[in-house]
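Tertiary structure, described
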Amino acid sequence: MADARPTTEAPSSADVRTDAAAAEDRARLRERLRRQALELEQVSAMKSQFLANISHELRTPLHAVVGYTSLLLQGVSGELGPEQREKLERIDENASHLLMIIDDLIDLTRLDSGQTPVDVEEVDLRAVLEEARAESEELIAARDLDVTFEVEDGVSAIHSDRAKIEQIVHNLLTNALEFTPAGSVDVRARPATEGEGVEIEVADTGVGIPEEEQGTIFEAFGQSERHFHDGRAGTGLGLSICKRLANVLGGNIRVESEPGEGSTFTLTLPQTLKNVGRAPEGT
Amino acid sequence: MSEKKPTVLLVDDFEPGREVVAEFLTWRGYEVITAEDGAQGLEKAFELSPDVVLMDLSLPEVDGWEATRRLRADERTKELKIIALTAHALERERQRALDAGCDEVITKPVAPQDLEEEVRRQLGLEKSPGD
């Protein structure tokens, strides 16, 4: 380091040459980094455009599939027998599933390219949990489970993106309800165990996740082997979207699970989201 | 019903998507006119004065954004109800359609009965003309 050199001595000519060469190296490196950053930006923009186009091209024929299926189910082409109706409903369900995958893929890609806009406001976690409960009302009613929602004392409003938190909680709650054949699902918000911020925990007594899968469960299609209680498949993208959303919010998400005993997902969020509009590194 | 049937102009270059919506709306009692591109859509809108337009956005000749702007700029069609019906799902595309003058934006895929509900809402109809 230049500062560490004794000032009483004049630098030798060898040192001067080295300094000049080092400065040139640094300039070259900076220029290369600048160019690479620009290229990456262009690649990212192209990738987004490509995904937007793919989404458009997939939705267009799906529109016809959904349309004609509904047309038949509505009786436009005459009365249906029960078996015909049942099979058309299966087409309809699968078309909906395909649409969910398309939507999730778009979400995931936007999150990966750091293009997800963040809208920070004061967020009351009681309202978030209430919204999660209301949104899952039908599913909760359909499952014979003890479902509780609790906000512990000492949890104050945070500054974050409410819609994104709701998306994460909704996703975790849906998973918990789907993968719990009997017992309970508990959603709890509490002050963070370390530092400022909050934790939202979704704990179930469900099927659990084998240890070897716990490491990959947040990767895209990392849980493709798991199926919902009625045999429907998830999109395999929900948890990877949750993980990335948590990162965008400056937080994180982790899982503890015991196969056959249940799983606990914990979302950690900072009290105040900083660096708005920019996804943190590594998301 | 003695009144004239509400008329829907459906502009879409994708034939199956156009036909399925046309068939459903006809079944529900609407008069349906179809156009395969933006230029044809504009021509029919000016000539036949529909009550509502279902406008695809990515269209050949004149695209749906431009067609909507031209309808809004013309005395004959500036009050016309225009619903964008598009396979573009991003928020910025939705905003572009609203900025162009669309009253509402519906993303494909959509079940025809949900689309009809929106048509009814835009026209202030309590029930389908066929009911």
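Here is a short report on the structure shown in this document. Because the structure is a prediction, the values reported are computed rather than measured.

**A closer look at the pattern of salt bridges**
Applying the stated criterion across every chain yields a total of 32 salt bridges over all chains. Between Glu-31 of chain A and Arg-35 of chain A there is a salt bridge; the shortest N-O distance is 3.6 Å. With Glu-31 of chain A and Arg-35 of chain A both in helix α1 (residues 13-73), this residue pair falls 4 residues apart, about one helical turn. For Arg-35 of chain A, a relative accessible area of 45% gives the class partly exposed. The partner of Arg-120 of chain B in a salt bridge is Glu-116 of chain B, with the nearest N and O atoms 3.2 Å apart. Of this pair, Arg-120 of chain B and Glu-116 of chain B both sit in helix α5 (residues 112-123), 4 residues apart, which is roughly one turn of the helix.

**With respect to the interface of chain B and chain A**
Counting residues at the interface gives 23 residues for chain B, matched by 22 residues for chain A. Both sides of the chain B and chain A interface together cover about 1900 Å² of buried area, and 71% of this is carbon and sulfur. The tally of links from chain B across to chain A stands at 2 residue pairs in polar contact (both at pLDDT 80 or more). Counting only elements with at least two residues in the side of chain B that touches chain A, the list comes to α1 (15-27) and α5 of chain B. Sorting elements by how many residues they give to the side of chain B that touches chain A places α1 of chain B first, with 8 residues.

**Examining the sheet that holds strand β4 (residues 184-191) of chain A**
All names here are of chain A. One open sheet accounts for 5 strands, arranged β2-β4-β5-β7-β6; its pairing is mixed. Bordering the open sheet on either side are β2 (146-151) and β6 (252-258), each of which pairs with just one other strand. Across the sheet, the mean angle separating the axes of adjacent strands is 10° when strand polarity is ignored. Note that β6 and strand β7 (residues 262-269) share 7 bridges and pair antiparallel. Opposite Arg-254, over in β7, you have Thr-266 as the bridge partner. Running over the sheet, helix α5 (residues 162-178) touches β2, β4, β5 (198-204), β6 and β7 and is turned about 20° from β5.

**Observations concerning the nonpolar core**
Among the nonpolar cores identified, the biggest contains 44 residues, and Leu-125, Ile-165, Ile-168, Leu-172, Ile-200 and Phe-265 of chain A are the most heavily contacted of them. Per-element tally for this core: the top contributor is α5 of chain A, with 7 residues. The residues touching Ile-168 of chain A, leaving out its near neighbours within four places in the chain, are Cys-242, Leu-245, Ala-246, Leu-249, Ile-253 and Leu-267 of chain A. In terms of nonpolar packing, the next biggest core, distinct from the first, is built from 21 residues, Val-11, Trp-65, Leu-71 and Val-105 of chain B among them.

**Focus: the sheet that holds strand β4 (residues 81-86) of chain B**
Residues and elements named next belong to chain B. Taken together, 5 strands build an open sheet; the order of strands is β2-β1-β3-β4-β5 and the sheet is parallel. Both outer strands of the open sheet, β2 (31-35) and β5 (104-107), are each paired with one neighbouring strand and no more. The sheet shows a mean angle of 20° between the axes of neighbouring strands, direction not considered. Taken together, the 4 bridges between strand β1 (residues 7-11) and strand β3 (residues 52-55) define a ladder with parallel strand orientation. Bridging across to β3, Leu-9 finds its partner in Val-53. Strands β1, β2 and β3 of the sheet are contacted by α1, whose axis makes an angle of about 165° with β2. Of the strands in this sheet, β4 and β5 are in contact with helix α4 (residues 91-100), which crosses β5 at around 145°.

**Observations regarding unusual backbone geometry**
All names here are of chain B. With an omega of 0°, the peptide bond running from Lys-108 to Pro-109 counts as cis. Topologically, Pro-109 is positioned in the loop between β5 and α5. Here Glu-61, not a glycine, exhibits a phi torsion of approximately 65°, which is positive. Topologically, Glu-61 is positioned in the loop between β3 and α3 (64-73). Its relative accessible area of 66% is what places Glu-61 among the exposed residues.

**Digging into a negative patch on the surface**
A contiguous patch of negative charge on the surface is contributed by Glu-211, Glu-212, Glu-258 and Glu-261 of chain A. The residue Glu-258 of chain A is located in strand β6 in this model.

**Thoughts on the environment of Gln-115 of chain A**
All names here are of chain A. Mapped onto the elements of the fold, Gln-115 is located in the loop between α2 (82-112) and β1 (121-123). Judged by relative accessible area, which is 36%, Gln-115 ranks as partly exposed. Sequence separation of Gln-115 and Gly-78 is 37 residues, and the distance between their C-alpha atoms is 47 Å.

**Let's talk about the environment of Pro-60 of chain B**
Residue and element names in this part refer to chain B. Locating Pro-60 in the fold gives a position in the loop between β3 and α3. As a C-alpha pair, Pro-60 and Gly-38 span 22 residues in sequence and 6.5 Å in three-dimensional space. With near-sequence residues (within four places) excluded, Pro-60 lies in contact with Asp-13, Glu-36, Asp-37 and Gly-38.

How each quantity is defined
- Residues numbered from 1 in each chain as written.
- Chains lettered and ligands numbered in written order.
- Predicted model: local features only at pLDDT ≥ 70, side-chain atom pairs only at ≥ 80, totals over all residues.
- Heavy atoms only, no water.
- Salt bridge = Lys/Arg side-chain N within 4 Å of Asp/Glu carboxyl O.
- Helix = DSSP H or I, 4+ residues; strand = E, 2+ residues; numbered from the N terminus.
- Buried < 20%, exposed > 50% of the residue type's maximum accessible area, 1.4 Å probe, protein only.
- Contact = heavy atoms within 4.5 Å.
- Buried area = accessible area lost by both parts, 1.4 Å probe.
- Polar contact = N/O pair within 3.5 Å; in protein donor to acceptor, adjacent residues only side chain to side chain.
- Pairing = 2+ DSSP bridges.
- Axes fitted to C-alpha atoms, helices over the stretch in contact; angles between N-to-C directions.
- Core = buried A, V, L, I, M, F, W, Y, C linked by side-chain atoms within 4.5 Å.
- Patch = residues over 30% accessible without salt bridge, like charges linked within 9 Å, V, L, I, M, F, W, Y side chains within 5 Å.
- Areas by Shrake-Rupley, 256 points an atom, 1.4 Å probe, with all protein chains shown as cover.
- Lys, Arg positive; Asp, Glu negative; His and termini not counted.
- Charge placed at Lys NZ, Arg CZ, Asp CG, Glu CD.

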